[in-house]
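Understanding the architecture of this molecule
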Amino acid sequence: RAAALTGLKRTNEALAVCLEIEKTVQLPQNRLLAFSIRACLEGDAGKSLETLDELLRLPGPMVSDPEAHFVVGRFLAQLGEPHRALDSLSRALDAGYNCHEALLKYGGFDSLRTNARFQELVNRAAQMTREAWAVLREGGGEHLLGIHP
């Protein structure tokens, strides 16, 4: 939730959520992520990155979940780590996480937009979207969902 609030520029709410997670949540991965987000929001990019690296050394969803790869990539882009951000975004796509619209529109990726590798990832995600729509149409999904082209 804190990551989503950050993306919505609701910084004060994100900080409050991070503090609450740090105090109450038992799972170390969640506490580390909250601390890392909070450090970033408070302007301590070094501490944020150090904590994120600690988090990524632990087993769990942050190193295995496709959406987590996307979130980490987004966060690394904000922390000024473009190569690592692109690696993480690539892992998200490799694992089937289709984030085409987010890659196109999320302002946190602005620092990556001129990077040729980022454009390759956008193109890969666009292809995934086209393929998903084709499967939906072939299976009668448009009719089922009431989507009329």
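Residues numbered from 1 in each chain as written. Predicted model: local features only at pLDDT ≥ 70, side-chain atom pairs only at ≥ 80, totals over all residues. Heavy atoms only, no water.

What to know about the nonpolar core
Among the nonpolar cores identified, the biggest contains 37 residues, and F70, L89, L103, F109, L112 and F118 are the most heavily contacted of them. Listing elements by their share of this core, those giving two or more residues are α1 (2-7), α2 (11-24), α3 (28-41), α4 (45-56), α6 (66-78), α7 (82-94) and α9 (116-138). Of all the elements, α6 adds the most residues to this core, at seven residues. Those residues in contact with F118, other than ones at most four positions away along the chain, are L86, L89, L103, F109, L112 and R113. (Core = buried A, V, L, I, M, F, W, Y, C linked by side-chain atoms within 4.5 Å. Buried < 20%, exposed > 50% of the residue type's maximum accessible area, 1.4 Å probe, protein only. Helix = DSSP H or I, 4+ residues; strand = E, 2+ residues; numbered from the N terminus. Contact = heavy atoms within 4.5 Å.)

A few points about the packing of aromatic side chains
Both the distance between ring centres and the angle between the ring planes are used here to describe each pair of aromatic rings. Taken as a whole, this structure holds four aromatic pairs when the rule is applied. With 5.3 Å between their ring centres and 75° between their planes, Y106 and F109 make a pair best called edge-to-face. Accessibility assignment for this pair places Y106 and F109 in one class, buried. Look at F109 and F118: their rings are 5.8 Å apart centre to centre, the planes differ by 45°, and that puts the pair in the tilted class. Here the two residues F109 and F118 agree in accessibility, since each one is buried. One aromatic cluster is present, built from ring pairs that chain together F70, Y97, Y106, F109 and F118. (Phe/Tyr/Trp six-rings, centres within 6.5 Å; stacked < 30°, edge-to-face > 60°.)

Regarding the side chain of S48
Note on placement: S48 falls in helix α4. Apart from residues lying up to four places away in sequence, S48 is in contact with S36, A39, C40, F75 and L79.

A short note on empty space enclosed by the protein
Over the atoms, a rolling probe the size of a water molecule traces out where space has been left empty. One pass over the full model with this rule turns up one cavity of 30 Å³ or more. A3, T6, L33, I37, V71, R74, F75, Q78 and Y106 are the residues that line the largest cavity. Sorting the residues of the lining of the largest cavity by element identifies α1, α3 and α6 as the ones contributing at least two each. With four residues, the top contributor of residues to the lining of the largest cavity is α6. When grouped by side-chain class, the residues that make up the lining of the largest cavity number six nonpolar, two polar and one charged. (1 Å grid on protein atoms, 1.4 Å probe; cavity = no way out; pocket = protein on both sides within 12 Å on 5 of 7 lines; lining within 4 Å. Points joined across faces, edges and corners; volume = space filled by probe spheres on them. Nonpolar A, V, L, I, M, F, W, Y, C, P; charged D, E, K, R; others polar.)

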